[in-house]
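One letter stands for each residue in the lines below.
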Amino acid sequence: MFNRDNAVGFLLLGFCAVVAGIMVYYIAIGERPMVNFPPALTIGVIAVFIGLMIFGFLRGSFFQRLRGGQGGKQWPDPDTGRKSLWDRLRGK
């Protein structure tokens, strides 16, 4: 249940929980939240987001085939993919 494939989902769930808590707080006190980030932080977040998108595209199966990736087992096969660190430590 807690392997690398689910990590992004758990991070997103945690982020949504934090934002929901902040919104409930502002609803309870009856004010509107004001968000003022410095421009450098905004540019940094945009750069990280674009960098992670490019990284994801380059690791995707489409671009691996273009680079001559190895042909192996494919998706419906349950043995597809890499083992997570947790599975390797448990010997599965």
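Residues numbered from 1 in each chain as written. Predicted model: local features only at pLDDT ≥ 70, side-chain atom pairs only at ≥ 80, totals over all residues. Heavy atoms only, no water.

> Where do I start with the packing of aromatic side chains in this structure?
In this description, an aromatic ring pair is defined by two values, namely the gap between the centres and the angle between the planes. For the structure shown, the criterion picks out one aromatic pair. Judged by centre distance (5.3 Å) and plane angle (75°), the ring pair of Tyr-25 and Tyr-26 falls under edge-to-face. Accessibility expressed as a relative area gives 49% for Tyr-25, which makes it partly exposed. (Phe/Tyr/Trp six-rings, centres within 6.5 Å; stacked < 30°, edge-to-face > 60°. Buried < 20%, exposed > 50% of the residue type's maximum accessible area, 1.4 Å probe, protein only.)

> Please clarify how the environment of Tyr-26 should be interpreted in this entry.
Secondary-structure assignment places Tyr-26 in helix α1 (residues 4–29). Residue Tyr-26 is classed as partly exposed on the basis of its relative accessible area, which comes to 24%. If we ignore the near neighbours within four places in the chain, the residues touching Tyr-26 are Glu-31, Arg-32 and Pro-33. (Helix = DSSP H or I, 4+ residues; strand = E, 2+ residues; numbered from the N terminus. Contact = heavy atoms within 4.5 Å.)

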